[in-house]
Amino acid sequence: MMRKFKKAIVPVVVAGLAFALTACSGGTSADTAKDASGPLTVWVMGDSSKNFEKLVEPFVKSSGQKVDVVAIPWDSIDQKLTTAVASGSGPDVVQIGLTKLRSFADAGALLPLDGKIAAYPNLAASKFADGVGGKATAVNGKIVSVPWVADTRVLFTRTDILAASGIDSPPTTWDQLRADARTLTQRGPNKFGYYIPQWDNALPVEMTWDFGGDIVNSKGDIDFNTTAFHNAVDLYTGLYADKSVPTNADFDQTQGFVSGTVPMLVSGPYLAAGINAAAPQLAGKWTVSTLPAADKGTSLFGGSNLGIFTTSKHQNGSLKLLDFLSKSSTQLNWYTINGELPTVKAALNDSTFTSDPLVKVYTKQLADAKVLPIIPNWDGGVGTNLLKALNSIALTHSDPKSTLETFYQSTAGISAK
Amino acid sequence: MTTSLSALRHRSTNRRGRRLTVVIGVALAVGAVVTAFPFIWMLATSVKPQSESLTYPPTLLPHTPTLQYFRTLFTELDFGQYLANTIIVVLIGGVGLLLMAMAGYAFAKFDFRGKQWMFFLVLATMMIPVQVTMIPTYLILNGMKLTNTLVGIALPTLVSGFSIFLFRQFMSTIPTEVLEAARIDGAGEIRTFLLIVMPLAKPILAVMAVLTFITGWNSFLWPLVIANDQHLYTLSVGLSLLNKELAVNPSLQMAASTVMVVPILIVFIVFQRYVIQGFALSGLK
Amino acid sequence: MAVSNVLTTARTRRRTAATRARPGRGRLTPYLFIAPAMLLLLAFGVFPIVVAAAVSITDMNISGLADWHNVNFIGAANYVKLFADPDFWQALGNTAFFVIIGVPSVVLVSLGVALLLNRSGNWFFRSLRAFYFIPAITAIVAISLVWGYLYNTQFGLLNWVLSLVGVPPVQWLSDPVLAKFSVALVAIWRGTGLNIIIFLAALQGVPREYLEAASLDGAGEWRQIRSIVVPLLRFAIFFVTVTTIISWFQFFDEAFVLTNGGPLGATTSISIFLYHQGFQQSAFGYASAGSLILFVLIAVITVAQLRLRRSDVDY
């Protein structure tokens, strides 16, 4: 019985692999000379494609090129990328979170753009913010994407609650923040001073930068075994040790801030939008300020870039779309529609844009912000191990020395070039 | 004397019995409310304005109920499209029912070479974890050019070992004489199946129809993986798009969840008698 | 009259029918009937496992998926790495915990509720059934949202109720030990629905006459249930147990949406471990090796159950 079974399997496997091979090898790169007909497919992250469709209406009208926008849920991007790569058929233009850029590039999913962007002045590296333009987001020296939207991290504080505890302005150094957090925790049971999201793998890196160091050494490899990182670990675990930080993983930061349970936290512009939506009555009682500093006040330059899939049959149309999206007016329009910050210098310096006090803080912070190292799978690899190490020291009180040793070993030598 | 004693015993047992029934009824009712409580909370939140659903301490009943989030789902967020797609996926699943009934019938009523190990194979597929199958299945669908189609979404879960097993269980209770009689009368196998077996199989078909409906309706994994086009997303995928994690609007999320659960509940309530009957007659005793 | 008698007669009937000569054209019929379903099962059930077996002896990752030249054969290296991986053992341990806690709970609760619901056929009892079925029909995405809010440490309903009686907030989903129980509870809540229906159906096959005869003889309710009803439900109990074990070995949904395997891996089951390796780390070779192990584990346990069962009916 088993032998018959095995004999039957062989042709099935062969057929199946043949299927798979033809599917995979179907991805020959298209001829730049002529686009195929049909709409451009664009993958954007988020819950709805409506905003993006609104944004590209002028482009569709003026160029006659139709654009099909697909919304991808944030936590499904890994799956979609994998299946797109496996099948050799993906979108034309894709929004790529900076932490995923290397994975996309390594998978061969992104079309190298070096030669192609010369024809489009809006796509020149100098047009974009220094933290993210040109070489800053190149992979293996090649440009495979253009900046799209920026994200950063700033300090949110409930000025009313701080004032009630005798603190008249948001802390400007990490030491001050730690002391203030201790004061605020004493307000009562189930009240805290500061919130550390247990999923935020950028925060310890920001702290390291602020202590004057980096997590990439001079050779371009990942190296956490530095004084600056040790200081960051002390700060991170110290906040927990002070009992200033809630220890449960399911803490809701919006509700926490709105209810006053946590009057200080580091987050991005999306939180400001969330607070305004959830609690408009809090206007005037909270503010944002630049990240606390130690030696420096460097924060995260996050966000997403846009890339063209290697298998795209609409390369010319895609480049034209990228050019449209990199216009200052488009970028400012997108901020109005969707609340995501521009990456184009002209937009960031636009006076109407910076007249909004919140925006003033964001743009000031972006001027002193770095991108995370462009390594494969930051979130799932180094980022996860970083959080595991820190959280196990802070939450389960594992031995710091051995935990950190294991962490250093698991990350040493990864190249970020 | 014995008669009156046993009659007495019977009467007092009856009274005890009725009291016990009432107690059990109350206990079950309490259990039912506890079990359904998350659902009740979901319904209540779906009609609360956003600020109310975020307050702490939480309130159960809304102070100013509103249907605005239901409206938003269908006007701003494409849920009408997702609903239509979900219904189509469910209908395609109906075809799978026919195929599985055929297979169950063959396993139950025929003897043929390889039947043993093929049926074992059917059972074995029940033990395969879904994460294993994802990429190879995607490659197959891609090779068949079925990615980004509703058929492609419905295909991987069209047939299941569990259902074939149940069909076979049921079919084996159909008396063979009926089939033999039809054959002697000259009816072909297909006619026998369609005109005699299927009508007799109504109870199990009802069960399977309800179960298929539920699976198809809640399907999340395959629509997400296979649909490149947002226009092909189903309700489950649409709901997960609302997991912004950042700007929390529980009312909207609960409204979407309600849209997902209520239709199935109605289907179940209408068909529950047939569902239980179907399981009963399938010989699960 | 007795259940086993009916089934024996049916078996005999089937055997005699089979030994009768079949007309030539009927030979292909069974194959034609099972073909479509079997093809689908082979394509989407068996073939993937075979592919997984093949991939498990390679080092395939995302760049390998894009270009087959990047894939190398590495023999049993993935398996060796798996057995040396503490996260893998943690996942195995968690899965064992879930199966041991979850399966008896689901079976006992479903059986108990079915017995109670079967007490009376009146409209009230029948309408209660729908309530118990609700968890089973709710999409997992919806469940994650609702239970996520209920369990939330600061703002959840459960902790608020507890705070009314002075209990400090419980970290339902953040405490490594408690999180396992919280997640298991949601899965149990969800898993009983269908099984209650199955047991209700099976209970309809218990002849009333037996119970009445027993009660006339003086047997109490509980005695009747123990000695008559439960033995007659043997097959249903077995079926529910086997299918529940299979599904709890693949425990995924609840832990994924509520805690994503956290905190610190406390609720990571094998399936979640595989998902993380496969899709987030793109370590397809490694994940495939793990899935093979899971599959073999499930198969061995299921076959063991089938062997152990002393039955009076054979299939």
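Residues numbered from 1 in each chain as written. Chains lettered and ligands numbered in written order. Predicted model: local features only at pLDDT ≥ 70, side-chain atom pairs only at ≥ 80, totals over all residues. Heavy atoms only, no water.

Participant: What exactly am I supposed to notice about the pairing of strand β5 (residues 154-158) of chain A here?
Facilitator: Successive side chains on a regular strand alternate, one facing one side of the sheet and the next facing the other. Residues and elements named next belong to chain A. The buried fraction of β5 amounts to five of the five residues, a majority that puts the element mostly inside the structure. With four bridges joining them, β5 and strand β6 (residues 264-267) adopt antiparallel strand pairing. Bridging from a neighbouring strand, Val 154 pairs with Ser 267 of β6. Note that β5 and strand β7 (residues 286-289) share four bridges and pair antiparallel. Among the inter-strand pairings, Arg 158 is bridged to a residue of β7, identified as Trp 286. (Buried < 20%, exposed > 50% of the residue type's maximum accessible area, 1.4 Å probe, protein only. Helix = DSSP H or I, 4+ residues; strand = E, 2+ residues; numbered from the N terminus. Pairing = 2+ DSSP bridges.)

Participant: What is the right way to read the domain arrangement of chain B from this model?
Facilitator: Where interface size is given, it is often the accessible area lost as the parts come together that is meant. Residues and elements named next belong to chain B. Taken domain by domain, chain B comprises domain 1 (2-46) and domain 2 (71-282). Relative placement of domain 1 and domain 2: their C-alpha centres are 35 Å apart. Opposite the six residues of domain 1 that make contact, domain 2 presents eight residues. Roughly 580 Å² of surface becomes buried between domain 1 and domain 2 when both sides are summed, with 84% attributable to carbon and sulfur atoms. The interface formed by domain 1 and domain 2 contains zero salt bridges. (Domains from an automatic or database assignment. Contact = heavy atoms within 4.5 Å. Buried area = accessible area lost by both parts, 1.4 Å probe. Salt bridge = Lys/Arg side-chain N within 4 Å of Asp/Glu carboxyl O.)

Participant: I tried to follow the sheet that holds strand β3 (residues 93-97) of chain A on my own but got confused; where do I start?
Facilitator: Within a sheet, each strand pairs with its neighbour through backbone hydrogen bonds, oriented either parallel or antiparallel. Residues and elements named next belong to chain A. Pairing within the open sheet is mixed, and its six strands lie in the order β2-β1-β3-β9-β4-β10. The two strands at the open ends of the sheet, each matched to only one other strand, are β2 (67-72) and β10 (341-342). In this sheet, β3 lies alongside strand β1 (residues 40-45) in parallel orientation, the contact comprising two bridges. By the bridge assignment, Trp 43 is partnered in β3 with Val 94. Against the sheet, helix α2 (residues 50-63) contacts β1, β2 and β4 (146-151), and its axis sits at roughly 165° relative to β2. (Axes fitted to C-alpha atoms, helices over the stretch in contact; angles between N-to-C directions.)

Participant: Looking at this structure, I do not really get the pattern of salt bridges. What am I missing?
Facilitator: Pairs can form between side chains of opposite charge whenever their charged atoms are close. Residue and element names in this part refer to chain A. The full count for this structure, using the stated rule, is 15 salt bridges over all chains. Ionic pairing is found between Arg 158 and Asp 160, a salt bridge with its closest N-O pair at 3.0 Å. Across the pair Lys 370 and Asp 214 runs a salt bridge whose closest N-O atoms are separated by 2.9 Å. In this pair, Lys 370 is assigned in strand β11 (residues 369-370) and Asp 214 in the loop between α7 (203-210) and α8 (227-241), connecting sequence segments 156 residues apart. Look at Lys 370 and you get partly exposed, because its relative accessible area is 31%. With relative accessibility at 25%, the residue Asp 214 sits in the partly exposed group.

Participant: Would you explain the sheet that holds β6(A) in this entry?
Facilitator: Residue and element names in this part refer to chain A. Across the sheet, three strands lie side by side as β6-β5-β7; this open sheet has antiparallel pairing. Edge positions in the open sheet fall to β6 and β7, since each of these has one partner strand only. Taking each pair of neighbouring strands and ignoring which way they run, the sheet shows an average axis angle of 25°.

Participant: Could you clarify how one ought to interpret the interface of chain A and chain C in this entry?
Facilitator: In this assembly, 36 residues from chain A lie in contact with 24 residues from chain C. Across the chain A/chain C interface, buried area totals approximately 2,500 Å², and carbon plus sulfur atoms make up 65% of it. By the criterion of area lost to chain C, the three top residues of chain A are A:Thr82, A:Asn248 and A:Asp250, representing 19% of everything that side buries. One salt bridge in this structure joins C:Asp87 and A:Lys388, with 3.2 Å as the shortest N-O distance.

Participant: What is the right way to read the environment of A:Gln65 from this model?
Facilitator: All names here are of chain A. Among the secondary structure elements, Gln 65 is positioned in the loop between α2 and β2. Classification of Gln 65 by relative accessible area gives buried; the value is 17%. Along the backbone, Gln 65 and Leu 40 are 25 residues apart, and their C-alpha atoms lie at a distance of 7.4 Å. Once you skip the residues sitting within four places of it in the chain, Gln 65 turns out to touch Gly 38, Pro 39, Leu 40, Phe 59, Val 60 and Gly 317. For Gln 65, the side chain forms a polar contact with the main-chain oxygen of Gly 38, separated by 3.1 Å. (Polar contact = N/O pair within 3.5 Å; in protein donor to acceptor, adjacent residues only side chain to side chain.)

Participant: Explain the interface of chain B and chain C to me, please; I cannot follow it from the model alone.
Facilitator: Opposite the 100 residues of chain B that make contact, chain C presents 90 residues. Around 8,600 Å² of area is buried between chain B and chain C when both sides are counted, 78% of it from carbon and sulfur atoms. Viewed at the interface, chain C and chain B are joined by zero salt bridges. Where chain B meets chain C, there are seven residue pairs in polar contact (both at pLDDT 80 or more). At 18 residues, the largest contribution of residues to the side of chain B that touches chain C is made by helix α1 (residues 2-46) of chain B. Looking at the side of chain B that touches chain C residue by residue, the classes come out as 67 nonpolar, 23 polar and ten charged. (Nonpolar A, V, L, I, M, F, W, Y, C, P; charged D, E, K, R; others polar.)

Participant: Can you walk me through the packing of aromatic side chains in this structure?
Facilitator: The geometry of an aromatic ring pair comes down to the distance between the two centres and the angle between the two planes. Within the structure shown, the criterion is met by 49 aromatic pairs over all chains. Geometrically, the ring pair formed by B:Tyr105 and C:Phe33 is edge-to-face, given 5.6 Å between the ring centres and 65° between the ring planes. Taken together, the positions of B:Tyr105 in helix α4 (residues 79-109) and C:Phe33 in helix α2 (residues 29-55) put the pair across two chains. This pair shows no difference in class: B:Tyr105 is buried, exactly as C:Phe33 is. Where C:Phe252 meets C:Tyr275, the ring centres are 5.5 Å apart and the plane angle is 65°; that geometry is what we call edge-to-face. A residue pair is termed long-range when its members are at least 10 positions apart, and C:Phe252 in the loop between α12 (234-249) and α13 (253-259) and C:Tyr275 in helix α14 (residues 270-280) qualify at 23 residues. Among the residues examined, C:Tyr275 registers a relative accessible area of 8% and is labelled buried. Through a chain of ring-to-ring contacts, the aromatic side chains of B:Phe107, B:Phe112, B:Phe119, B:Phe162, B:Phe165, C:Tyr31 and C:Phe239 assemble into a single cluster. Note that B:Arg168 overlies the ring of B:Phe119, its terminal NZ or CZ placed 4.6 Å from the centroid. (Phe/Tyr/Trp six-rings, centres within 6.5 Å; stacked < 30°, edge-to-face > 60°. Lys NZ or Arg CZ within 6 Å of the ring centre and 35° of its normal.)

Participant: How should the nonpolar core be read in this particular structure?
Facilitator: A general tendency of soluble globular proteins is for nonpolar side chains to be buried together. All names here are of chain A. One finds Phe 52 and Phe 156 to be the most contacted residues of the largest nonpolar core, which totals 284 residues. Residues contacting Phe 156, with those up to four places away along its chain left out, are Phe 257, Pro 263, Met 264, Leu 265, Ser 267, Gly 268, Leu 271, Ala 272, Ile 275, Trp 286, Thr 287 and Val 288. Ranked by size, the runner-up nonpolar core spans 44 residues in total, among them Leu 155, Leu 162, Met 207 and Ile 375. (Core = buried A, V, L, I, M, F, W, Y, C linked by side-chain atoms within 4.5 Å.)

Participant: Would you explain the side chain of C:Glu254 in this entry?
Facilitator: All names here are of chain C. Of note, Glu 254 is situated in helix α13. Here Glu 254 falls in the buried class, since its relative accessible area comes to 6%. Not counting residues within four places of it along the chain, the set of residues in contact with Glu 254 comprises Ile 140, Val 183, Val 186, Ala 187, Arg 190 and Thr 259.

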